[in-house]
Amino acid sequence: MAARRILVAITGGIAAYKLPELVRQLVRAGHSVRCITTEAALHFVSPLVLQSLSGKPVRSRLFDPAEEDGIDHIALADWAELMIVAPATANVLARLSYGLADDLLSTVALATKAPLLVAPAMNVNMWNHAATRTNVERLRERGVHFVGPDSGELACGWQGEGRLSDPAVIAEAAEFALRTATLEGECVLVTAGRTREPLDLVRSLTNRSSGKMGFAIAAEAACRGAEVVLVSGPVSLPTPSGVRRIDIESAEEMRSAVLRELARSTVVVKAAAVADFRPVAPSKRKIKKETLAEGEGWTLELERTPDILAEISREKGDRVVVGFAAETEDVIAAATRKLARKGCDFIVANDVSHSDSGFDVDSNRVSFVWPAGEVETLPKLSKRAVAGEILDRIEKLRGGAA
Ligand code: PMT
């Protein structure tokens, strides 16, 4: 995503200590970041750290001749393309909901025309209190974006909803709030992660896919304004903002979910690592080695799983269908054969022989292989950047179809 101007407004909650990490991630993503804090936030986070990470002075007071010198609070409100309020305490939610303007944060929030993203964090009872529920509803109705809070152990000792979302999740929600509309009107169906084919009640055949590639595509498509459905195997990743997620286990379940969603999809990207084979007769119980003779091995009979990509490519119509190929040698030749076999619009060939690309890492090395034989090879990129490159090509194909 292009660099944007993001104002991070930090309030006085214990979770404020996580905010420097959010600032770091936004700056690393190429954004220009400014921070403001409430007076109370200064008990929990150092302005010097925020200034070092953002490279910009940090403001805390509404009226301060020294601070108003460089950029006054209205100019700050006008500068922002997105304002993030975190950790948003119950008090701050109430103040935002009622439109108070008696400190720097609330004044800037009222003056800015930028979208507001709020990441609440508080005691679970405060979060569930009718007053807070009303304030949250009122803010949502006004178009304010929310991320979290998460459930878990809270700083106050209680368990439940009230934890600040991880900085990476807030950064993701920020990208979503800043989305462009280049894929508006499109419905993008993405598959991600591994499938798991049972051998017996406790064992399965699976692979090393973490889901990172497919989740990056889903997140990027949502940021471009598409309706996104993500069919995911068992992975431990948070669902990107604006994405509807369907969890599946086996190739057969993935096929059913994909076929159910296919009619309304205008784009399908199959980034999942689907098992090619599954045990013919999985046991409903744990197979015990004592039931085998001493020294005897266990011979598994496997059968092919349905080839989902080939099946949907046969009924492609106007839809854009993109497949992946995970290869360790003769990457382009193997991907070219796969493209001919599967019949999709293009194949994203990834070389998974390197430890810093392919499975379970944040970067990837890919080539786009086209039916006419053209091959575009990209340098090593983050999976999010690869997702952007894939969607740029899909946008061109959809533009062509329209
Ligand atoms: O999840 P990560 O850790 O981020 O790793 C990303 C990735 C390496 C898994 C991803 O980039 C990738 O390459 N995904 C496809 C892996 C794969 O299964 O490739 P394949 O060459 O076996 O399959 C070719 C294509 O057919 C794929 O689009 C696959 O989704 C599809 N397929 C395969 C088998 C099957 N039964 N049905 C299918 O639809």
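See the structure above.
Reference entry: report on the structure contained in this document. (Residues numbered from 1 in each chain as written. Predicted model: local features only at pLDDT ≥ 70, side-chain atom pairs only at ≥ 80, totals over all residues. Heavy atoms only, no water.)

1. Quick notes on the pattern of salt bridges
Then, in step 1: Applying the stated criterion to the full structure yields 29 salt bridges.
Then, in step 2: Between Glu-261 and Arg-244 there is a salt bridge; the shortest N-O distance is 2.9 Å. With Glu-261 in helix H11 (residues 251-262) and Arg-244 in strand S12 (residues 243-247), this residue pair connects regions lying 17 residues apart in the sequence.
Then, in step 3: You can call Glu-261 buried: its relative accessible area is 9%.
Then, in step 4: The salt bridge involving Asp-356 is made with Arg-365; its shortest N-O contact spans 2.7 Å.
Then, in step 5: Exposure remark for Arg-365: the relative accessible area of 24% places this residue in the partly exposed category.
Then, in step 6: When salt bridges that share partners are traced, they join Glu-172, Glu-220, Arg-224, Arg-384, Asp-392 and Glu-395 into one network. (Salt bridge = Lys/Arg side-chain N within 4 Å of Asp/Glu carboxyl O. Helix = DSSP H or I, 4+ residues; strand = E, 2+ residues; numbered from the N terminus. Buried < 20%, exposed > 50% of the residue type's maximum accessible area, 1.4 Å probe, protein only.)

2. Considering the environment of Glu-137
Then, in step 1: Tracing the chain through its elements places Glu-137 in helix H8 (residues 130-141).
Then, in step 2: Under the relative-accessibility criterion, Glu-137 is labelled partly exposed at 39%.
Then, in step 3: Between the C-alpha atoms of Glu-137 and Ser-97, which are 40 residues apart in sequence, the distance is 9.1 Å.

3. Notes on the layout of surface pockets
Then, in step 1: Computed from the structure, the largest pocket encloses a volume of approximately 1300 Å³.
Then, in step 2: Surrounding the largest pocket, 32 residues form its lining, Gln-25, Ala-168, Glu-172, Asp-362 and Arg-384 being those nearest its centre.
Then, in step 3: Mapped by element, the contributors of at least two residues to the lining of the largest pocket are helix H1 (19-28), helix H9 (167-177), helix H10 (212-223) and helix H14 (383-401).
Then, in step 4: Tallied by class, the residues present in the lining of the largest pocket amount to 15 nonpolar, six polar and 11 charged.
Then, in step 5: Composition of the lining of the largest pocket by domain shows at least three residues from each of domain 1 (5-177) and domain 2 (187-283 + 300-401).
Then, in step 6: Considered as a void within the structure, the second largest pocket measures approximately 930 Å³ in volume. (1 Å grid on protein atoms, 1.4 Å probe; cavity = no way out; pocket = protein on both sides within 12 Å on 5 of 7 lines; lining within 4 Å. Points joined across faces, edges and corners; volume = space filled by probe spheres on them. Nonpolar A, V, L, I, M, F, W, Y, C, P; charged D, E, K, R; others polar. Domains from an automatic or database assignment.)

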